[in-house]
2 protein chains.
Amino acid sequence: MKPVSRTRELEAQLADTEKQLRLLQKISRFMVREMSLSDALQRIVSLVVEFTNADSCLLYLLQDKELVLCSSNNPQPETIGKVKLALGEGLTGWVARERRLLSISREAYLDPRFKHFSDLPEDTYEAFLSAPIIIRNHVAGVINVQHRDPHAHSGGDMELLTTIGEMAGSLTALATLDSATLARADLLDLVMQPAPRG
Amino acid sequence: MKPVSRTRELEAQLADTEKQLRLLQKISRFMVREMSLSDALQRIVSLVVEFTNADSCLLYLLQDKELVLCSSNNPQPETIGKVKLALGEGLTGWVARERRLLSISREAYLDPRFKHFSDLPEDTYEAFLSAPIIIRNHVAGVINVQHRDPHAHSGGDMELLTTIGEMAGSLTALATLDSATLARADLLDLVMQPAPRG
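Residues numbered from 1 in each chain as written. Chains lettered and ligands numbered in written order. Predicted model: local features only at pLDDT ≥ 70, side-chain atom pairs only at ≥ 80, totals over all residues.

## Some remarks on the overall build of chain A
Step number 1: What chain A contains, in helices and strands, is six helices and six strands.
Step number 2: Ordering the α and β elements of chain A from the N terminus gives α-α-β-β-β-α-β-β-β-α-α-α.
Step number 3: With respect to the three principal axes, the spread of C-alpha positions in chain A is 60 × 50 × 30 Å.
Step number 4: When each of the 198 residues of chain A is scored for burial, the buried share is 41%.
Step number 5: Put simply, of all contacts in chain A between residues at least 6 apart along the chain, 56% involve residues at least 24 apart. (Helix = DSSP H or I, 4+ residues; strand = E, 2+ residues; numbered from the N terminus. Buried ≥ 20, exposed ≤ 12 C-beta atoms within 10 Å, placed from the backbone. Contact = placed C-beta atoms within 7 Å.)

## Overview of helix 2 (residues 37-52) of chain A
Residue and element names in this part refer to chain A.
Step number 1: Given a rise of 1.5 Å per residue, 16 residues ought to cover 22 Å, and the 22 Å separating the end C-alpha atoms of helix 2 matches this to within 8%.
Step number 2: Of the residues making up helix 2, those classed as buried are Leu37, Ala40, Leu41, Gln42, Ile44, Val45, Val48 and Thr52.
Step number 3: Two residues or fewer after helix 2 comes Asn53, characterised by a positive phi angle close to 55°. (Expected span 1.5 Å × (residues − 1).)

## A closer look at the environment of Pro132(B)
All names here are of chain B.
Step number 1: Residue placement: Pro132 occurs in strand 5 (residues 127-135).
Step number 2: A tally of 27 C-beta atoms within 10 Å means that Pro132 is categorised as buried.
Step number 3: Between the C-alpha atoms of Pro132 and Trp94, which are 38 residues apart in sequence, the distance is 9.8 Å.
Step number 4: Ignoring sequence-local partners within four residues, the contact set of Pro132 consists of Val95, Ala96, Arg99, Val139, Val142 and Gly165.

## Notes on the relation of the copies chain B and chain A
Step number 1: Overlay of chain B on chain A (RMSD 0.0 Å): rotation 180°, translation along the axis 0.0 Å. Put plainly, the chains are arranged around a two-fold axis. (Least-squares fit on C-alpha atoms with pLDDT ≥ 70 in both.)

## Observations concerning the interface of chain B and chain A
Step number 1: Each partner contributes to the interface: chain B provides 61 residues, whereas chain A provides 60 residues.
Step number 2: Listing elements by their share of the side of chain B that touches chain A, those giving two or more residues are helix 1 (3-31), helix 2 (37-52), strand 1 (56-63), strand 2 (66-72), strand 5, helix 4 (155-175), helix 5 (179-184) and helix 6 (187-192) of chain B.
Step number 3: The element best represented in the side of chain B that touches chain A is helix 1 of chain B, accounting for 17 residues.

## A word on the sheet that holds strand 2 (residues 66-72) of chain A
Residue and element names in this part refer to chain A.
Step number 1: Pairing is antiparallel in the open sheet, where six strands are placed in the order 3-2-1-6-5-4. What marks the edges here is a single partner per strand, and that holds for strand 3 (84-86) and strand 4 (102-104). Ignoring which end each strand starts from, the neighbouring axes of this sheet average 25° apart.
Step number 2: Direction of pairing for strand 1 (residues 56-63) relative to strand 2: antiparallel, over a ladder of six bridges. Across the sheet, residue Gln63 finds its bridge partner in strand 2, namely Glu66.
Step number 3: Sheet strands in contact with helix 3 (residues 90-98) are strand 1, strand 2, strand 3, strand 4, strand 5 (127-135) and strand 6 (138-147), and its direction is about 40° off that of strand 5. (Pairing = 2+ DSSP bridges. Axes fitted to C-alpha atoms, helices over the stretch in contact; angles between N-to-C directions.)

## So, the confidence of the model for chain A
Step number 1: Per-residue confidence for chain A gives a mean pLDDT of 91, with 95% of residues at or over 70.
Step number 2: Our summary of model confidence lists the complex with pTM equal to 0.93 and ipTM equal to 0.92. (pLDDT = per-residue confidence, 0-100.)

## Some thoughts on unusual backbone geometry
Step number 1: Its identity is not glycine, yet Glu107(A) carries a phi of approximately 55°, on the positive side.
Step number 2: Position of Glu107(A) among the secondary structure elements: in the loop between strand 4 and strand 5.
Step number 3: At Lys65(B), a position not held by glycine, the phi torsion is positive, near 65°.
Step number 4: Note that Lys65(B) resides in the loop between strand 1 and strand 2.
Step number 5: You can call Lys65(B) exposed: it has 8 C-beta atoms within 10 Å.

Here it is in structure tokens:
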């Protein structure tokens, strides 16, 4: 390989890796800020779209055994809290039930697991990357990244979305913690006892 | 600059950035695993030492207005839970009180804010990098990275430790959340109300 093309390739890889690092650092900051859960999740989906050049990012949380659409970078107010999927239903439900990352680079709508929603424009998108949202080792939701046109997901993209699913889960769990409980907590006692959390 | 040296420089930068990304991804994984808080913090300090080539990493948590040593990569069992600092006492106390990152590249022990502990070998180390541990926008502890020999900390090192301080805080806060409270939590209700957390 010629030095110049090797240099360009390295520059592109470095820019991409730095972008991924900054994305995780920004999400980490949301975890320690005082903001509503809806604001924090909304900012995560916006950042994911910005950093991955995706056309859509949808985030579902699990409630009463259903996946409920909680955040979208293209918010249609009538869909938030309304679009619901059973565990195992559609690509999103499959990711939640199997607790596995799913990557489809083209024609996601032809996948036998696909479920059509007439009210979501994302239904016609080609590429689909989806990771479970995890709270304390259990599936608590799903985050989907979609591209209108065919798009190959790299191993780095997949690892990044896996981590974002973990961070979104941690952020959601933190939002259930009230300040009084937190203020009362004896951190030293907690750290000195080697018993598993929970 | 000659193409070859530019290539080497880029390769080194890329390797370093990838290492930082992997470190945050590993810490994120601890947040969603079932493990004791002491185990999780212990793994964080071990990873920080491994990824930064430091000689020491010490983690203090704030309890009753004192900073208590909770985790160390060189665990001397008699120091954990025993070494204590007031807010503002020593370099560590300064970081907690000021809620600021502190970077000293050489002769940290000559800093007027330094406090000597006869029982900590880290007292003789040259370089000191320290960031506050944050829980919900408040200081909850401090994490210190020390090198025996003089060591210049890059902007990237500083940003990385800032993020690790946030992630360690989030992990600690999550450990105070009991499973029953979490299981009862209505995530959908939480996400649909735009009130600030807390």
